Amino acid sequence: MYGAIREAIAMRKPKRKKTPPEVETRVLTRSSRRCALCFQLDGDRQEKEGQIAHLDKQRTNNVEDNLVWLCLRHHSRYDSKTSQHKNYTIHEVKEARKALYDWVKRRLPPKQAHSKAFDGKVITAWRAMATQRLVRIESYSELLGTIELELPNVNHTPHSDFTSVDITVSLDTTVSNRLNLDGSLQATLSNGLDTVHRGKLISAEVISFEDIQVSSAAKLIIDGIRGDATLHRVRGGMSALVEVIAANSKVPPIGLLRESVTIGSVRRAFVFSAEAVGSPASVKEGIRGSNICAHSFLVHFESQFRGAFKTREQEGGDGVSPADHGTVLVATLKNVPKGYSVFTTAHELKKSFDQALTVAVSTDFKGLRTKSDPIPAHLKWGETPMVEITETGLGTWEVTNSAIVTVNPKLTFGISLIGPPLEAPFSIQVGGALGPWYAPSSQRPGVRTATTTFPLPRFNNLEFPIEVKFGSP
Ligand SMILES: [Zn+2]
């Protein structure tokens with residue numbers, strides 16, 4: 001069937017000029033035969049049966065930038081003209097390809113920082129262990145687990161001629177800690193007593209701790225590492241390669257430990273949904289007397305595990321790697337009718353009079369908190385005050401109550417659109433996301449590494465918008 005269609009197309013189009021083999025090889029290698037759209041839209045990392053597609057749909061244009069590996073389904077959808085849905089744009093596919101190529105490049109095991117040191121014998125009595133933290137699929141700067149190094153009694157090792165070691169931790173993604181101006185990181189190494197060393201970033205993926213005295217310590221603890229979680233969208237583990245070498249020994253240095261540990265376990269943080277509801281009596285009363293009407297809906301953020309939503313303190317691991325913000329739940333609104341104002345509840349809707357877990361905050365268009373607080377409106381949703389968000393079209397609520405981790409909630413917020421009566425039914429697009437998020441750097445596209453300025457944590461919007469339909473008022 002598919003072959004027949006291809007033949008029919010081939011008869012109409014100019015004859016395909018064969019892709020130069022070296023270009024074809026590059027496309028196959030850089031994509032690793034993963035479909036760019038499956039990867040970007042579904043987080044699907046599996047190898048796909050597919051074809052090399054021409055992005056400009058000109059089958060004679062065989063420059064590499066015009067080519068992409070797509071699965072059969074996505075290739076035919078990309079090429080189709082009669083499709084009912086808005087077709088994938090060339091820029092969208094190029095973005096997806098960029099993200100895929102970046103992932104292929106980085107999915108390989110972390111590179112070894114000290115290959116020379118391990119030509120000789122490795123002292124295996126040293127051990128590395130790690131605790132795992134849950135990492136949200138929606139995140140791209142996530143606090144990872146703690147690494148513990150257990151040292152044997154150094155006086156009884158064959159290499160008692162050294163007293164200090166260099167330690168490197170290489171992630172299978174980029175380090176996304178806050179970078180201090182002197183190049184140090186919030187990630188720390190301690191001996192369990194009082195000595196604390198700050199890590200240094202020696203490449204986008206590698207943190208080092210240098211000249212660590214080991215004479216009295218039996219245990220070294222590395223904590224506070226953050227990693228970019230976007231390359232790990234599919235449920236799985238994030239790992240770190242730990243290498244220890246004797247620092248002040250003769251050349252070549254002696255390798256003491258090389259071990260890979262898992263420090264993150266990737267999960268989906270929340271499920272988002274939205275539904276139109278009748279406007280509460282309190283909202284109708286608030287607008288009574290004017291020639292305007294209200295259309296209301298609910299948005300739900302259903303947490304998928306304890307700690308999927310956190311306060312600022314909890315995001316920073318209780319001080320381990322301080323965060324700038326608590327989790328911000330973000331509802332994005334598109335296609336709000338012209339002349340309409342938008343109001344959200346000032347916190348989640350509650351069944352009882354318990355303290356609210358979240359509070360409405362003002363953010364910029366990236367979901368990043370701004371200093372001002374939203375101004376309370378005259379409207380109320382039942383007993384809950386409302387705030388106006390007309391300007392940004394973003395409903396944003398920051399987690400402020402530490403009880404959120406224990407109750408693992410489904411949070412529901414009310415939103416009302418207020419404006420002149422409309423003749424026809426209409427619909428809006430509503431998406432759910434976690435903020436603050438931040439666009440990747442334009443200098444290093446697709447790479448989110450440690451910086452002095454980016455907010456922590458940063459989240460990525462992976463949710464697709466839901467259509468909410470409103471009938472005639
Ligand atoms: Zn595909």
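Because the structure is a prediction, the values reported are computed rather than measured.

Asks: Would you mind going over the overall build of the chain with me for this structure?
Replies: Looking only at helices and strands, one finds eight helices and 25 strands in the chain. Per-residue burial for the chain yields a buried fraction of 42% across its 473 residues. Long-range pairs, those at least 24 residues apart, make up 76% of the contacts in the chain with a sequence separation of at least 6.

Asks: Is there a simple way to explain the sheet that holds strand 10 (residues 206-213) in this structure?
Replies: Two strands in a sheet stick together by hydrogen bonds in their backbones, pointing the same way (parallel) or opposite ways (antiparallel). Spatially, the 10 strands line up as an open sheet ordered 3-6-11-8-9-10-7-13-14-4, and their pairing is mixed. Strands with a single pairing partner mark the edges of an open sheet, and in this sheet they are strand 3 (127-130) and strand 4 (133-136). The mean angle between the axes of side-by-side strands here comes to 30°, regardless of whether they run parallel or antiparallel. Direction of pairing for strand 6 (residues 147-150) relative to strand 11 (residues 219-223): antiparallel, over a ladder of four bridges. Paired with glutamate 148 across the two strands is isoleucine 221, which belongs to strand 11.

Asks: Help me understand helix 4 (residues 72-79), please; the structure alone is not making it clear to me.
Replies: Count 3.6 residues to each turn of an α-helix, and residues three or four apart come out pointing the same way. Residues of helix 4 that are buried: His74, His75 and Tyr78. Summarising the axial view, the buried residues of helix 4 lie within an arc of 105°, below the 170-degree limit, and thus occupy one face.

Asks: What is the right way to read the nonpolar core from this model?
Replies: Proteins that are soluble and globular tend to have nonpolar side chains buried together. In terms of nonpolar packing, the biggest core is built from 88 residues, with Ile147, Val169, Ile207, Ala240, Val242, Val244 and Leu256 touching the most fellow members. The leading source of residues in this core is strand 13 (residues 237-246), at seven residues. Formed jointly, this core draws a minimum of three residues from each of two domains, domain 2 (115-266) and domain 3 (270-470). For alanine 240, the residues in contact, after removing those within four places along its chain, are Ile147, Val169, Ser170, Leu171, Val261 and Ile263. In terms of nonpolar packing, the next biggest core, distinct from the first, is built from 20 residues, Leu37, Ala53, Leu70 and Tyr88 among them.

Asks: Looking at this structure, how should I read the sheet that holds strand 21 (residues 384-388)?
Replies: Taken in spatial order, the six strands line up as 15-16-23-18-21-20 in an open sheet, and their pairing is antiparallel. Edge positions in the sheet fall to strand 15 (270-277) and strand 20 (376-381), since each has one partner strand and no second. For this sheet, the mean angle separating the axes of adjacent strands, direction not counted, is 30°. In the sheet, strand 18 (residues 341-345) pairs with strand 23 (residues 410-419) via four bridges, with the strands oriented antiparallel. Bridging across to strand 23, phenylalanine 343 finds its partner in serine 416.

Asks: Can you walk me through the environment of serine 31 in this structure?
Replies: Relative to the helices and strands, serine 31 resides in helix 2 (residues 21-31). In this structure the C-alpha to C-alpha distance between serine 31 and leucine 100, which are 69 residues apart in sequence, comes to 6.6 Å. Apart from the residues lying within four places of it in its own chain, the contact partners of serine 31 are Ala36, Trp69, Leu100, Tyr101 and Val104.

Asks: What is the right way to read the environment of glycine 414 from this model?
Replies: Along the chain, glycine 414 falls in strand 23. On the basis of neighbour count, glycine 414 is assigned to the buried category, with 24 C-beta atoms found within 10 Å. Distance in space between the C-alpha atoms of glycine 414 and phenylalanine 297 is 6.0 Å, their sequence separation being 117 residues.

Asks: Help me understand unusual backbone geometry, please; the structure alone is not making it clear to me.
Replies: Excluding glycine, residues mostly carry a negative phi; peptide bonds, for their part, are mostly trans. With an omega dihedral of -5°, the bond running from glycine 435 to proline 436 counts as a cis peptide bond. Mapping proline 436 onto the fold places it in the loop between strand 24 (426-435) and strand 25 (466-470). Residue proline 457 is reached from leucine 456 by a cis peptide bond, and omega for that bond is -10°. Looking at where proline 457 falls in the secondary structure, it is placed in the loop between strand 24 and strand 25. The phi dihedral of aspartate 318 falls on the positive side, at around 55°, and the residue is not glycine. Although it is not a glycine, asparagine 408 adopts a positive phi angle of roughly 50°.

What counts and what doesn't
Residues numbered from 1 in each chain as written. Predicted model: local features only at pLDDT ≥ 70, side-chain atom pairs only at ≥ 80, totals over all residues. Helix = DSSP H or I, 4+ residues; strand = E, 2+ residues; numbered from the N terminus. Buried ≥ 20, exposed ≤ 12 C-beta atoms within 10 Å, placed from the backbone. Contact = placed C-beta atoms within 7 Å. Pairing = 2+ DSSP bridges. Axes fitted to C-alpha atoms, helices over the stretch in contact; angles between N-to-C directions. Arc of directions from axis to C-beta. Core = buried A, V, L, I, M, F, W, Y, C linked by C-beta atoms within 7 Å. Domains from an automatic or database assignment.

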